Structures are given as C-alpha cells and as structure tokens.
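Structure assessment
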Amino acid sequence: MNAPTPAAPILYAEGIGKAFVSGRVRTQVLDGLSLGIGPGELTLISGPSGCGKSTLLAILSGLQRVDSGRVFALGSELGLLDGHALERFRLRHTGFVFQGFNLFPALSALEQVELPLHYLGLPREQARARAAQSLDEVGLAHRMRLRPAELSGGEKQRVAIARALAKQPELLFADEPTSALDAANGQTVIDILHRIARSHGTTVLCVSHDPRLIGHADRVLAMEDGRILSDRRAAPPAATIEGTPP
Amino acid sequence: MVALARKTLVYEWRRFLPAILAVGFAGLLQLLQAALVLGIFGSASVYITGSAADLWVGYPGTQSVNLGRPIDPNVEMRLLMDPAVARVEPFIWLDADWRGQGETGGVSVFVSGIDPRADGLMFAHALPPALRARLNEPDAVIVDRADIDKLGVGVGGTAAINGRRVRVVGVSSGLRALGGVNVVSSLDTARRLDSDPTDGDRPTYLVARLRDPAQAQAVARRLRGGGAFGPYEVWTADSFARRSVMYWMFDTGAGAGVLFLAGIVFLVGAVITSQTLVAAVAGSVREYATLNALGVGVAALRWVVLEQAFWVGALGLLGATVLGAGLLLLARSQDVPVVLNATATIACVVLAMGLAAVSGLAAMRSLRRADPATLLR
C-alpha cells in the first residue's frame with residue numbers, strides 16, 4: 001500500500017469522485033479531485049453554495065464514502081475501514097464543529113464537553129478536568145455550569161468547539177462555523193480555530209464562505225463545480241510543512 | 001458518565017410525560033383488573049383459604065371445590081396411617097334450596113357441614129371458636145353478614161333448607177360465595193339437610209392437617225397411590241384453591257377477558273409510548289448525529305434511547321403503584337373484593353416494562369436518521 005510518507009500531507013485525497021442521485025437525476029458533485037492537507041495548518045475551503053465543498057469535507061472526515069478514488073487520513077485508507085472502524089477512527093482522531101451548535105438542551109456546558117470523553121474511555125475525573133480545561137481555553141471557564149438556553153450563540157459555538165477540542169484530535173473539521181454568528185462572535189471563533197492550529201498542532205480544515213476567515217487561514221482553496229480553482233498560501237508559513245498535491 | 005438519558009428525561013419532562021402516563025395507566029389498569037378478578041374469583045376457594053387444612057382429599061378429577069362428589073369415608077383410615085398426618089376431618093358440601101321467612105322466594109345456597117370443635121380445621125380462619133360452638137345445637141346454621149338481606153332472615157330467625165327447618169344462630173364475615181350463598185352447619189345438621197339418598201353417610205371431602213405443613217406436596221404425592229378405598233385424589237390446599245379459582249375464571253370467560261384486555265392495553269400503551277419516544281429521539285436527532293460524528297457509536301446511542309425507555313417505564317410504574325395502592329385501599333374500605341398476589345403483581349410489572357422496552361426498540365429505529373453527513377449542509 002502506498003501510504004503517504006511522513007513528510008507528505010496528513011490528509012490526502014486521490015482522484016475522488018462522488019455523485020448524488022435524486023430520482024432519475026444524477027449529479028456529479030466531485031469528479032477526480034486530488035488534494036493534500038498539511039499537518040498543523042488551518043486550511044480554508046471556500047466557494048459558492050453547491051460547489052461541493054461540504055461533500056469534500058464529509059469525505060475527508062470519514063462521514064461519507066467515495067464512489068471512486070481513495071482517501072488517506074493519518075496513514076489509514078478510510079475506504080478500507082468498515083462502519084465500526086470508521087466510528088472508532090473518528091472517536092480517536094477527529095473533532096467536528098458544525099454550523100448549528102447541536103448541543104443537548106439538558107446538559108450543562110461542562111457535561112456537553114465531557115460526554116464524548118467518556119466514550120473515549122477516560123476516567124471520570126480526567127474527563128471532567130479535560131473538559132474544564134477545554135472550556136477555559138475557549139474563554140468559558142466562568143459559564144461552564146450553564147445550559148445552552150442560558151448561553152448566547154457565540155458561547156454555544158465555543159462550547160461546540162471545546163467539545164471537539166477536548167478529545168485532543170489530530171484533525172478538526174469545521175463546517176461554516178461562523179455563519180450563524182454576528183461579527184464579534186464570528187471573530188472570536190476564528191481566533192480560537194487559528195489558535196488551535198497554532199498551539200496544538202491540530203490540522204484544521206474549515207469550509208466557509210466567510211471572507212473574514214481568509215486572512216486567518218494558512219491556505220485557501222477556492223472551489224467551484226466540484227473542482228479546485230485556486231490554491232493560495234498566506235505569507236511565510238512559520239513552521240508548516242509544504243503540503244503540495246501530488 | 002454523563003447521564004444523558006436521565007438528564008434529558010428530567011429537563012424535557014413535558015416531552016416524555018405522555019409516555020410515562022401511558023405506561024402508568026397501562027400498568028394501573030392491569031393491576032386493578034387483576035386485583036378485581038382475583039378478589040371476585042378468589043371467593044370460589046373461600047372454603048380452602050378460610051380453613052387450616054394442609055391437604056384436601058376428594059373425588060378424582062374434581063375441578064373446583066363446588067363440584068365435589070362423595071368419597072368413601074374409610075379413606076380417613078388410609079390418611080391416618082401416614083405418620084405425617086396429624087388430623088383428619090370430614091367436610092360435607094351440598095347444593096340446596098333455601099326458603100326464608102321474608103318474601104325472598106327460593107335462594108340457591110351451598111351448605112358446608114363442618115366439625116364445630118373449637119380447634120376444627122374447616123373455616124378456622126373465618127369462624128371464631130365461640131361462634132363454632134353454637135353450631136352444636138341441632139339445626140343451627142351460620143351465614144355471612146352480607147347475605148342476611150338476601151336470605152330474608154335475622155339472627156335467631158328460622159328458615160327451611162331442602163324443606164327442613166334451620167335456625168340462624170350467628171353471622172360471620174369472609175364467607176361470601178361465588179354464584180350463591182354459603183351456609184355453615186355442623187356435620188350432623190348437614191347430613192340431615194342432604195336430600196340425595198345416594199350420598200349416604202359419605203363426606204364430600206376429607207381435609208387433613210400435617211405435622212409439618214412444609215411437607216404437604218410430598219405427602220400429597222405419597223397418598224395419591226392405592227385404590228383400596230375407592231377412588232380419591234389428594235391435593236395440597238394451595239393447589240386445590242388455585243384449581244378452583246382457575247376453573248371459575250376460565251369457565252366464566254373472565255380469564256380470557258383478562259388476557260384480551262391485557263393485549264389491548266399493551267397495544268394502546270405501546271403505540272402511545274413508542275410514538276412519544278420516537279418524537280423525543282427525532283427532536284434530538286441532530287445532537288445524536290453530532291455525537292456520532294465525534295465517534296460515539298450507533299450502538300452506544302441506541303443504549304441511550306433504551307435507557308430512556310427504561311426510565312419512562314420505571315416512572316410510569318411508580319405512579320401506577322402509588323395510585324394503585326390508594327385505589328385498592330379505597331376498594332377494601334368499601335367491601336369491594338380486591339386481592340393482589342405476587343404472581344399477578346409481577347405479571348403487571350413485566351407487562352408495563354415490556355411495553356416500555358418494545359417502545360424503546362421502536363424509537364431506536366428513528367436513530368437511523370441521525371446520519372452526521374446530513375449535518376454538513
């Protein structure tokens with residue numbers, strides 16, 4: 001198996017294709033797309049709605065399977081994992097932040113973050129400590145006893161980020177994380193995502209059409225009609241490894 | 001572990017309330033129905049449950065205590081030969097016609113001829129010794145307090161049974177019969193009242209007390225063999241009482257009715273409960289999908305739903321128990337015959353929890369919509 005070498009991208013797609021069938025209409029969303037994402041980078045995929053960026057995110061994160069091509073993440077070929085193994089892969093290695101915050105109304109911020117950690121097998125005290133630390137990192141240490149109904153939209157999204165972050169994933173996927181937020185809260189979320197990539201060395205892959213994010217991304221991919229139109233890098237990346245597509 | 005199922009149930013209790021009520025009422029309905037049926041049909045075995053005998057000996061194949069036929073009195077010898085048997089006593093049961101002084105017409109009565117000794121076995125629990133002693137007078141009978149009006153006679157009054165004069169010397173409680181009126185007399189009086197010449201001097205049953213009641217089953221088995229004294233069969237008091245109640249329950253169709261209603265209650269309860277749980281899962285489907293995206297397996301999410309169903313069942317049952325206990329106490333205070341035994345209670349609990357479990361399994365299916373890929377839109 002020609003798994004990527006250590007210097008190569010941590011997340012790697014090779015000639016992937018994906019189509020959706022609705023009735024008799026078959027829509028080819030991605031067609032032979034190849035892409036490599038470097039470790040510790042904040043990569044932004046932007047483009048108009050319907051360009052296939054969310055599908056690409058779903059495929060790279062192991063939420064959806066490809067029709068053709070191969071996806072490698074952290075050295076595993078995702079297409080070879082069965083449903084159970086894929087769940088385990090996501091549990092150990094990935095975090096997600098969605099546009100909607102998807103928090104359980106009944107749980108406090110601390111419990112929301114703690115919940116997935118138990119499934120990771122962490123003992124109770126350790127899970128609680130890690131959850132508290134994650135909430136502290138997103139600036140919610142003083143609000144962690146509150147339920148979603150008592151939090152603002154920006155705070156809820158920060159809880160969602162803390163929930164993803166507490167697992168200490170190598171890969172963090174974010175889908176339109178700022179589109180439901182006002183300017184100030186959007187900026188806060190952007191700063192947090194940026195900091196996660198910097199300080200934790202987490203690979204952050206973000207799908208968004210929010211122009212504010214462009215300035216914070218290490219790399220910006222513009223997509224249209226299932227293809228990557230442009231691939232731009234921000235000014236000198238301090239400690240990133242070149243992640244050029246093959 | 002964060003108790004997601006329980007916390008959601010508490011926080012969103014309004015959402016789960018219909019399911020809890022459905023389980024609760026299903027359980028309550030079953031419980032009260034069982035208690036009423038057992039109470040009403042339990043009086044079929046009042047001769048057995050009101051007495052202190054451990055073994056009952058009667059005609060082979062007798063399905064209910066009121067269907068007995070005379071047996072050979074010499075079987076008593078056979079019983080007494082067994083070292084485990086401490087005492088044997090005859091019991092005469094006969095169907096008779098009562099004519100009171102008032103205008104009550106004919107009343108169908110069941111005459112129980114018993115040994116009136118102070119320590120007699122028959123009706124030891126229903127008749128205190130002083131009352132039993134009064135049966136030694138010739139033609140004396142005792143009836144239940146609740147039947148006095150029906151019989152058109154007061155204490156001290158006279159009436160006729162099968163055309164022979166009897167005198168009511170006292171009343172008791174706990175003697176009510178199913179489908180007629182119980183009249184208790186001494187064995188001698190009962191023999192005089194028996195109009196069937198073929199009965200001769202034979203008892204309908206022989207009842208026995210054992211030295212060790214715990215051995216009842218083994219002794220009954222041992223005594224069953226041997227036909228030297230003519231046909232007879234031996235039952236333990238418990239099994240004969242159960243046999244009598246079951247006979248009435250199925251003879252009247254009440255048993256089938258109970259089972260039929262249990263099915264309906266189960267079905268209606270399951271529909272309401274499962275719909276409520278399905279809606280509750282559907283309301284949290286995005287949160288479940290997010291957990292699945294984060295790697296929490298579908299199996300683990302199914303457990304959360306099943307746990308919720310379990311708590312819904314437990315809370316419903318708790319409500320049913322409190323309400324049921326109150327209603328049963330009320331029924332007792334109003335002389336409504338209600339009896340609840342462990343088997344019936346466990347059956348009701350199993351039914352209610354089974355209902356919750358089936359609903360939980362149905363609700364699990366809606367977890368299929370918790371596909372995390374749908375969150376990326």
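Owing to the predicted nature of the structure, the values given are computational and were not obtained by experimental measurement. (Residues numbered from 1 in each chain as written. Chains lettered and ligands numbered in written order. Predicted model: local features only at pLDDT ≥ 70, side-chain atom pairs only at ≥ 80, totals over all residues. Heavy atoms only, no water.)

Generally speaking, nonpolar side chains in soluble globular proteins are found buried as a group. Core analysis: the largest hydrophobic core is formed by 69 residues, its most contacted members being Leu11(A), Leu56(A), Leu60(A) and Tyr288(B). Non-local contacts of Leu11(A), meaning those with residues more than four positions away in its chain, are made with Leu35(A), Gly36(A), Ile37(A), Leu60(A), Phe72(A), Ala73(A), Leu171(A), Phe173(A) and Leu205(A). Within the second largest apolar cluster, 37 residues are counted, among which are Leu135(A), Ala162(A), Ile190(A) and Leu193(A). (Core = buried A, V, L, I, M, F, W, Y, C linked by side-chain atoms within 4.5 Å. Buried < 20%, exposed > 50% of the residue type's maximum accessible area, 1.4 Å probe, protein only. Contact = heavy atoms within 4.5 Å.)

The next point concerns the sheet that holds strand S4 (residues 68-73) of chain A. Residues and elements named next belong to chain A. Strands sit in the order S2-S1-S4-S5 across an open sheet of four strands; the sheet is antiparallel. Each edge of the sheet is formed by a strand with only one pairing partner; in this case those strands are strand S2 (25-37) and strand S5 (76-77). Of the strand pairs in this sheet, strand S1 (residues 11-22) and S4 are connected by five bridges, and their pairing is antiparallel. Note on S4: the bridge partner recorded for Tyr12 is Phe72. (Pairing = 2+ DSSP bridges. Helix = DSSP H or I, 4+ residues; strand = E, 2+ residues; numbered from the N terminus.)

Residues and elements named next belong to chain A. The full count for this structure, using the stated rule, is 22 salt bridges over all chains. Ionic pairing is found between Glu114 and Arg128, a salt bridge with its closest N-O pair at 3.1 Å. Pair noted here: Glu114 is in helix H3 (residues 109-119) and Arg128 is in helix H4 (residues 124-137), with a separation of 14 residues, a long-range link. Residue Arg128 is classed as partly exposed on the basis of its relative accessible area, which comes to 31%. (Salt bridge = Lys/Arg side-chain N within 4 Å of Asp/Glu carboxyl O.)

Residue and element names in this part refer to chain A. Spatially, S6-S7-S8-S3-S9-S10 is the arrangement adopted by the six strands of the open sheet, whose pairing is mixed. In this open sheet, the two strands that pair with only one neighbour each are strand S6 (94-97) and strand S10 (227-233). Taken over all neighbouring pairs, the strand axes of this sheet differ in orientation by 15° on average, direction set aside. (Axes fitted to C-alpha atoms, helices over the stretch in contact; angles between N-to-C directions.)

All names here are of chain B. When you tally the buried positions in strand S4 (residues 140-144), you get five out of five residues, the bulk of the element. The side-chain alternation of S4 yields two buried faces, one formed by Ala140, Ile142 and Asp144 and the other by Val141 and Val143. Note: S4 against strand S6 (residues 164-172), five bridges, orientation parallel. Counterpart to Val141 in the pairing with S6 is Val168. The pairing of S4 with strand S7 (residues 181-186) spans three bridges and is classified as antiparallel. In the sheet register, Ile142 faces S7, and the bridge partner there is Val184.

With that out of the way, let us pick up helix H12 (residues 298-333) of chain B. Taking 1.5 Å of rise per residue, the 36 residues of H12(B) would be expected to cover 52 Å, and the 52 Å separating its terminal C-alpha atoms lies within 8% of that figure. Once H12(B) ends, the next one or two residues include Asp335(B), with phi positive near 65°. (Expected span 1.5 Å × (residues − 1).)

Take helix H2 (residues 83-93) of chain A next. Residues of H2(A) that are buried include every one of Ala85(A), Leu86(A), Glu87(A), Phe89(A), Arg90(A) and Leu91(A), and no others. Packing partners of the buried residues in H2(A) comprise S4, S5, S6 and H3 of chain A together with helix H11 (285-293) and H12 of chain B.

By secondary structure assignment, the location of Asn102(A) is in the loop between S6 and H3. Looking at Asn102(A), its side chain comes within polar contact range of the side chain of Thr290(B), at 2.9 Å. Beyond its immediate chain neighbours, meaning those up to four positions away, Asn102(A) contacts Arg163(A), Arg286(B), Glu287(B), Thr290(B) and Leu375(B). (Polar contact = N/O pair within 3.5 Å; in protein donor to acceptor, adjacent residues only side chain to side chain.)

So, about the packing of aromatic side chains. Residues and elements named next belong to chain B. Summed over all chains, the structure comprises 15 aromatic pairs over all chains. Summarising the aromatic geometry, the rings of Tyr47 and Phe91 are spaced 6.3 Å apart at their centres and angled 40° between planes, so their arrangement reads as tilted. Of this pair, Tyr47 sits in helix H3 (residues 46-49) while Phe91 is found in strand S2 (residues 85-99), placing the two residues 44 residues apart along the sequence. The buried category is assigned to Tyr47, whose relative accessible area is 3%. Look at Trp235 and Phe240: their rings are 4.4 Å apart centre to centre, the planes differ by 15°, and that puts the pair in the stacked class. Grouping residues by exposure puts Trp235 and Phe240 together as buried. Here a set of aromatic residues connected by ring pairs shows up, and it is made of Tyr47, Trp56, Phe91, Trp93, Phe110, Phe123, Tyr205, Trp235 and Phe240. (Phe/Tyr/Trp six-rings, centres within 6.5 Å; stacked < 30°, edge-to-face > 60°.)

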